[in-house]
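One letter stands for each residue in the lines below.
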Amino acid sequence: MRASIVVVLSLVLSYGFSQNRKNDLVTGSFSNAPLELIFDSLSAQTNYFFSYNSDLLPKGSLYSISAENTPIDQFLARLLLGTGLQYSFFKDQIILNYKPVERVVKKKNLFSISGTVYNEDGEALNNVNVFLDGTTIGVSSDIDGNYKLESIPPGFYDIVFSHVGYKNAIYQISENSGGARIQSHQMELDLGQLEEVEVISNRIDRRGTGWQQYYTVFNEELLGISQHAKKCVIENPEALNFSYDEDSKSLRAFSQYPLQIRNDALGYRVSYFLESFKKDESDLRFRGNIRFRNLKPLSRSEKREWQKNRRISYYGSFNHFKRSLLNGELKKEGFRIFEVKNLENFKIKKENELEASDIIVFKGDHYRLDFKNFLAIEYRKEKESMDFLLNSESVGIIYSNLLTSDGHLRKEPGRQISIIKLLKSSVRLDLSGEVLDRFGLTTYGYWAWERTADLVPVNYDPKIDNL
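Rules of the game
- Residues numbered from 1 in each chain as written.
- Predicted model: local features only at pLDDT ≥ 70, side-chain atom pairs only at ≥ 80, totals over all residues.
- Heavy atoms only, no water.
- Core = buried A, V, L, I, M, F, W, Y, C linked by side-chain atoms within 4.5 Å.
- Buried < 20%, exposed > 50% of the residue type's maximum accessible area, 1.4 Å probe, protein only.
- Helix = DSSP H or I, 4+ residues; strand = E, 2+ residues; numbered from the N terminus.
- Contact = heavy atoms within 4.5 Å.
- Pairing = 2+ DSSP bridges.
- Axes fitted to C-alpha atoms, helices over the stretch in contact; angles between N-to-C directions.
- Phe/Tyr/Trp six-rings, centres within 6.5 Å; stacked < 30°, edge-to-face > 60°.
- Lys NZ or Arg CZ within 6 Å of the ring centre and 35° of its normal.

(A) Representation of the nonpolar core in the model. Phe218, Leu222, Ile234, Leu240, Phe242 and Leu259 are the most contacted members of the largest nonpolar core, which totals 28 residues. Elements supplying a minimum of two residues to this core: α4 (209-223), β15 (232-234), β16 (240-245), β17 (250-255), β18 (259-263), β19 (268-279) and β20 (284-294). If you tally residues by element for this core, the top one is α4, at 6 residues. For Leu222, the contacting residues outside a window of four places in its chain are Ile234, Leu259, Ile261, Tyr272, Phe286, Arg451 and Thr452. By size, the runner-up hydrophobic cluster in this structure holds 23 residues, among which are Leu325, Leu354, Ile359 and Ile377.

In structure tokens:
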């Protein structure tokens, strides 16, 4: 439990009789105070009256906030961030209620992107993959090099242009007001890709046993080893080349063509445009752009199975966490967050529990994720998979004290635990929750164990999953 409530300084409101009183300035500081006390202090010292149902307020939560000559609407926006509450002004009242649970996207707010793709000679290129990274939104350019992406919800996206023999290109697109956008692109030839593979180190001959050995490693690292991964297959493994450096004990993988992954657990065909893959004795890093396509179910039972597995993959995932965080629904959705100072003798302590407002700040056109040390995320609505618990590499950080000398884990499935560490002082998220700072954070635990086989598109919505 946190220490007893301490209210520091006084709260002073510069009050005027203007029609726009939400700009009145507030100066004051609270430490570990409940919302009721903060509201009462505001009401007692100002001409504002708070109107709300006490059942709306988070039970047992304490808040720390300070301000100096800050407009009261900004003060309230900071205070209520992560609570799931919103406020409105009516005469001398400040009315509190829940934010809408679902963000309804009106058709007029949807937008489209269209353009033409051509080569360095200005000639149209057909069959160029044009897609929004990590989504189901994508097309191929036609014979005239034209393409059009339609019905795109507001948000931040990476639009990817990819064609065999040409360098991939990525543009950042952000749109909140709907309408149509034009994004044309000139593809640049990529003549040196194979030569670069040769220079790094000796490539592995696909006819030898070494290639199959390294492919097995790559397949497990990219797809994972979950139950869903067992129903995934890379349909064009011949597109892959490997190199191995004996000195650094590092394995690299390369592919000129997008890897075609059939996921019969979730009902997706995934085109994975591999940018880089490197695994050594202590580190694994891979990245790529992903385009999802829905497979067609052969029966109603298969459709229901896919929908069920997609929900399992989504709930408790990093994407689910980010949406819950921005919607102020962490606890409602089953998440708890805790500060952890280091990963040695890892342990979650109740007194280190945090609120959403402790780790995220709204900056007008984006959010900023900011915390010290490590952030442990506990998901309470689904237990750990036995496949996860049997993987000593995944559980070694958070359950090292429960491992036997031969690497076996003495533990029954419990709450899913993931860990985030920021690789920068803070990390930006767009208004839909996508991470804007590439390689700005790293994960451990459950989220690090789940791989491509357990991914659903970033535009996936479990409430309207239309196959």
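(B) Highlighting the side chain of Ser418. Considering the arrangement of structural elements, one finds Ser418 in strand β26 (residues 415-422). Assessed through its relative accessible area of 3%, Ser418 is described here as buried. Those residues in contact with Ser418, other than ones at most four positions away along the chain, are Leu375, Ala376, Ile377, Tyr444, Tyr446 and Trp447.

(C) Just the sheet that holds strand β28 (residues 441-445), in detail. Strand order in the open sheet formed by 5 strands is β22-β21-β25-β26-β28, with antiparallel pairing between adjacent strands. Here the strands that pair on one side only, and so sit at the sheet edges, are β22 (353-354) and β28. In terms of strand pairing, strand β21 (residues 335-340) meets β22 through 2 bridges, oriented antiparallel. Within β22, the residue paired with Ile337 across the bridge is Leu354. Against the sheet, helix α6 (residues 318-326) touches β21, β25 (374-383), β26 and β28, its axis set at about 95° to β21.

(D) Looking closely at the pairing of β16. Sheet analysis places β16 next to β17, joined by 6 bridges and oriented antiparallel. Paired with Asn241 across the strands is Phe254, a residue of β17. Counted between consecutive antiparallel strands, the loop separating β16 from β17 contains 4 residues, among which Lys249 sits at a positive phi close to 55°.

(E) Quick peek at the packing of aromatic side chains. On inspection of all chains with the given rule, the structure shows 26 aromatic pairs. Ring centres 4.6 Å apart and planes at 25° place the aromatic pair Phe39 and Phe50 in the stacked group. With a gap of 11 residues between them, Phe39 in helix α1 (residues 35-45) and Phe50 in strand β3 (residues 49-51) connect regions that are remote in the sequence. According to the relative accessible area criterion, Phe39 is buried, its value standing at 1%. Members of the aromatic cluster, connected to one another through ring pairs, are Trp211, Tyr215, Phe218, Phe242, Phe277 and Phe286. Above the face of the Tyr268 ring, Arg310 is positioned so that its terminal group lies 3.8 Å from the ring centre.

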